[in-house]
Amino acid sequence: MTKKQLWKKIQMTFAAGGVMMTMLAGPAAPVAHAEDWGNILGGVIGVSNTYNQYLSALLSLGNDPRQQNAALTKDMEDNGRCYDEETNAVVTSVMEQLINKGEYAMMPDSLPFRWRVNNSEEFNAFCTAMDYVSVNRGAVEQLNYNRDELAGVLAHEMIHGLKQHVAYDNAKTIATQYGVSLLQGSTDILTGTLLQVMANYNAAKNYTAPLENEADEMGFYLMASAGFNPGGFPAMVSRMPDSPGESLLNPDNHPETRTRLTRGAKWMSDYGFGHVTVDGTTVLIDGTPLVTMQADDTLSGVERAYFVAGGIAKGFHDNRLASTWFFKQTGNTISYLNDDEVYRPLKEAVREAGVEGLLQQLVEAAYKSDAKTGNREKYLAEEKERRDDIKKEQQKALKKSEENIATYEHKSDTYNALGLTKLAVHEANRLLAVDPNSAFAHGELGWAHYQEGDYAASAEEHKKAIAIDPMNNWNHLRLGYACNALGDVEGALAACAFLDKNAPGRYNDEYWLKGKIFDQMGDEAKAQRAFAQYISVAPDGIDAVPERYRMAIKEEKERVEQKYSN
């Protein structure tokens, strides 16, 4: 059976089954059916069975703001939205800190993250191919609203999005199964595979173990770089079931809990240059026990131990010298480090145990040991390698190429069309980072500001766009909107005059804008003529015309019709 014959049979199978991408269906975007997958994947299969071509098709889906919006909408329809203020506030706080302060690279064909808390009571979270993160209410509640443990969950999900795991994993599946189908001349294998891919791609599940391990490790460094307690990840994992193969975060495909805890504890220790470890509920510095933790009302003794150890690890990591811990005797207590929330569990535990002096002694000894062994330099070299890798990836997004410019233009324009102005601004700024002389970027910034009601900023950005590209009609029209909103009649009419000269009749909204301007000036005759022109070319927009003008235009039309009917 040839490739063409095989794909024709697959298309017929999909058409007969009426399969659709349920996760991508929603009122905010066109419904994607099986035939859409046929267009995306079938065309690729008909040409070649190379992995890279499948990957390109799937990455394109993941880079569509409308599909991201649809995924969010469908998730809320299926799982319900959590409206609890505290739950939403803590998730938003953690996500914003990870996004704004963490060290990571976002690919040019990745979307800015969006997130919601759904109303499921189960402990879970997921990130779709479109960088939409959904967090179960149950996960937040079972973590007792702890920001550092929640950061361990959300950073893990962000890595799935940043590394585009869904697309890479499913492209590999399709490529492999297509080869088997072609050899056997059967559609059954590939049809079943595509059905599974559709489910996996939309539900963001069934990652391979290597990708889960990568999400764990890179997620740890993401949360630590964003300023969260490095003990947050192992503390979160310690809450999971202890049976082999079990995990609260999708037990079918995540690594065993014990393995994840061991690895997370090592990353935390390495973050502190190997000096701090946890044995059960006891925190040790270079093998010497410092403090043993007991459970409190919300945290187990193990969790508390990791938070204490995480504070010590951050102290070693962020301070090149023991002197910058600023140990200072004040009465019967010793103060040290700063007031960062990460250090609070450490300070409280050490103070309650009365071992502040021992902490100082062990910390100073650790620095002396590092100076002799070069231990610190070894860990810093590893960290530099990780950071260099991130910088290399970041440079891809900053490369001035036609492909990058096109994708940023598309996304900023689409987000503006969806009314998601903050995301439109995000993508317009990515475009400016690639091309500082982009009239398109300034135009999108201007339109975002207009929708937000910041008309002065809107006018300023549109003027910048026009200075770069004087003949762009859209920017003149939108400048006219901003000027009118600011009460700048002269500027608004100048924009309309430009369009009359350079694009007569091409922009329906110009007539509406003229009508608004003349109405505000009190010239009702000119306003009525302008609104009448608008209705004649855009009858579906009649509701945008003030009622008194609609009535006057209707009466005038009837008068004329009656005159010529006699």
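First, a word on what this report is: a plain description of the structure on this page. (Residues numbered from 1 in each chain as written. Predicted model: local features only at pLDDT ≥ 70, side-chain atom pairs only at ≥ 80, totals over all residues. Heavy atoms only, no water.)

### Section: the overall build of the chain
Counting its regular elements, the chain contains 25 helices and 8 strands. Within the span of the chain, comprising 566 residues, buried residues form 51% of the whole. For the chain, the share of sequence-separated contacts (at least 6 apart) that also reach a separation of at least 24 residues comes to 65%. Total accessible area on the chain stands at roughly 26,100 Å², and carbon and sulfur atoms take up 50% of it. (Helix = DSSP H or I, 4+ residues; strand = E, 2+ residues; numbered from the N terminus. Buried < 20%, exposed > 50% of the residue type's maximum accessible area, 1.4 Å probe, protein only. Contact = heavy atoms within 4.5 Å. Areas by Shrake-Rupley, 256 points an atom, 1.4 Å probe, with all protein chains shown as cover.)

### So, helix 12 (residues 257-271)
Between its first and last C-alpha atoms helix 12 spans 21 Å; for 15 residues at 1.5 Å apiece the expected length is 21 Å, and the two agree. Here the buried face of helix 12 lies against helix 7 (147-162), helix 10 (209-225), helix 11 (232-238), strand 4 (276-279), helix 13 (301-318) and helix 16 (375-398). Backbone geometry just after helix 12 places phenylalanine 273 at a positive phi near 60°. (Expected span 1.5 Å × (residues − 1).)

### Details of the nonpolar core
Within the largest apolar cluster, 78 residues are counted, with the highest numbers of intra-cluster contacts made by Val91 and Leu98. Residues within four places of leucine 98 in sequence aside, it is in contact with Tyr104, Ala151, Leu154, Ala155, Met158, Leu222, Met223, Ala226 and Phe228. Grouped together as the second largest cluster of nonpolar side chains are 27 residues, Ala492, Leu499, Ala527 and Tyr534 included. (Core = buried A, V, L, I, M, F, W, Y, C linked by side-chain atoms within 4.5 Å.)

### A short note on helix 10
Every α-helix carries 3.6 residues per turn, so stepping three or four residues along brings you back to the same face. Across its 17 residues, helix 10 extends 24 Å between first and last C-alpha, which sits within 8% of the 24 Å expected from 1.5 Å per residue. Those residues of helix 10 not exposed but buried are Leu211, Glu212, Ala215, Asp216, Gly219, Phe220, Tyr221, Leu222, Met223 and Ala224.

### A closer look at the sheet that holds strand 1 (residues 114-118)
The strands making up a sheet associate through backbone hydrogen bonding, with each pair oriented either parallel or antiparallel. One open sheet accounts for 3 strands, arranged 1-3-2; its pairing is mixed. At either end of the open sheet lies a strand with only one pairing partner, and these are strand 1 and strand 2 (125-127). Between one strand axis and the next, the sheet turns by 15° as a mean value, whatever way the strands run. Here 3 bridges tie strand 2 to strand 3 (residues 132-136), and the two strands are oriented antiparallel to one another. Bridge pairing in strand 3 places alanine 125 opposite valine 135. On top of the sheet, helix 5 (residues 85-101) reaches strand 1 and strand 3; it is set at about 155° to strand 1, its chief contact. Its contacts with the sheet place helix 7 against strand 2 and strand 3, and it is angled at close to 25° to strand 2. (Pairing = 2+ DSSP bridges. Axes fitted to C-alpha atoms, helices over the stretch in contact; angles between N-to-C directions.)

### Describing the pairing of strand 5 (residues 282-285)
Because side chains alternate across strand 5, one face comprises the buried residues Thr282 and Leu284, and the other comprises Val283 and Ile285, equally buried. The pairing of strand 4 with strand 5 spans 4 bridges and is classified as antiparallel. Looking at the pairing, valine 276 lines up with isoleucine 285 of strand 5. Two elements, strand 5 and strand 6 (residues 288-292), share 4 bridges in a ladder whose sense is antiparallel. Its bridge partner being in strand 6, valine 283 is matched across the sheet by valine 291. In sequence, strand 5 turns back onto strand 6 through a hairpin of 2 residues, with aspartate 286 there showing a positive phi of about 50°.

### Some remarks on unusual backbone geometry
Phi is positive for tyrosine 145, close to 60°, though the residue is something other than glycine. Along the chain, the position of tyrosine 145 falls in the loop between helix 6 (137-142) and helix 7. A positive phi angle, close to 60°, is found at phenylalanine 273, a residue other than glycine. Inspection of the secondary structure assignment puts phenylalanine 273 in the loop between helix 12 and strand 4.

### Structural notes on the environment of lysine 101
Assignment of secondary structure puts lysine 101 in helix 5. Residues lysine 101 and serine 225 lie 124 residues apart in sequence; the distance between their C-alpha atoms is 7.2 Å. If sequence neighbours within four positions are ignored, lysine 101 has contacts with Glu96, Ser225 and Ala226.

### Remarks on the sheet that holds strand 4
Taken in spatial order, the 3 strands line up as 4-5-6 in an open sheet, and their pairing is antiparallel. Across the chains shown, the open sheet's two edge strands, defined by having one partner strand only, are strand 4 and strand 6. Across the sheet, the mean angle from the axis of one strand to that of its neighbour is 30°, orientation sign disregarded.

### Section: the side chain of lysine 411
Among the secondary structure elements, lysine 411 is positioned in helix 17 (residues 402-417). Separated by 3.4 Å, the side chains of lysine 411 and glutamate 427 make a polar contact. Leaving out residues up to four positions away in the same chain, lysine 411 has contacts with Asn63, Pro65, Pro108, Asp109, Ser110, Leu111, Glu427 and Arg430. (Polar contact = N/O pair within 3.5 Å; in protein donor to acceptor, adjacent residues only side chain to side chain.)

### Here we look at the pairing of strand 1
Burial analysis of strand 1 places 4 of its 5 residues in the buried class, which makes it a mostly covered element. When strand 1 meets strand 3, the two strands line up parallel, connected through 5 bridges. Looking across to strand 3, one finds that asparagine 118 is bridged to asparagine 136.

### Overview of the pattern of salt bridges
Applying the stated criterion across every chain yields a total of 23 salt bridges. The closest approach of N and O atoms between lysine 266 and aspartate 270, which form a salt bridge, is 2.7 Å. Taken together, the residues lysine 266 and aspartate 270, both in helix 12 and 4 residues apart, mark about one turn of the helix. Residue aspartate 270 is classed as buried on the basis of its relative accessible area of 14%. (Salt bridge = Lys/Arg side-chain N within 4 Å of Asp/Glu carboxyl O.)

### Focus on the packing of helix 21 (residues 473-485) against helix 23 (residues 508-521)
The N-to-C vectors of helix 21 and helix 23 enclose an angle of 20°; their axes lie 11 Å apart at closest approach. Here helix 21 lies roughly parallel to helix 23, going by the angle between them. Regarding helix 21 and helix 23, the two cross each other, and that crossing is left-handed. Across the interface between the two elements, Leu477, Gly480, Tyr481 and Asn484 from helix 21 touch Asp509, Glu510, Trp512, Leu513, Lys516, Ile517 and Gln520 from helix 23. Class assignment for the residues of the contact of helix 21 with helix 23 results in 5 nonpolar, 3 polar and 3 charged. (Parallel < 35°, antiparallel > 145°, perpendicular 65-115°, else oblique. Left-handed = near helix turned anticlockwise from the far one by under 90°. Nonpolar A, V, L, I, M, F, W, Y, C, P; charged D, E, K, R; others polar.)

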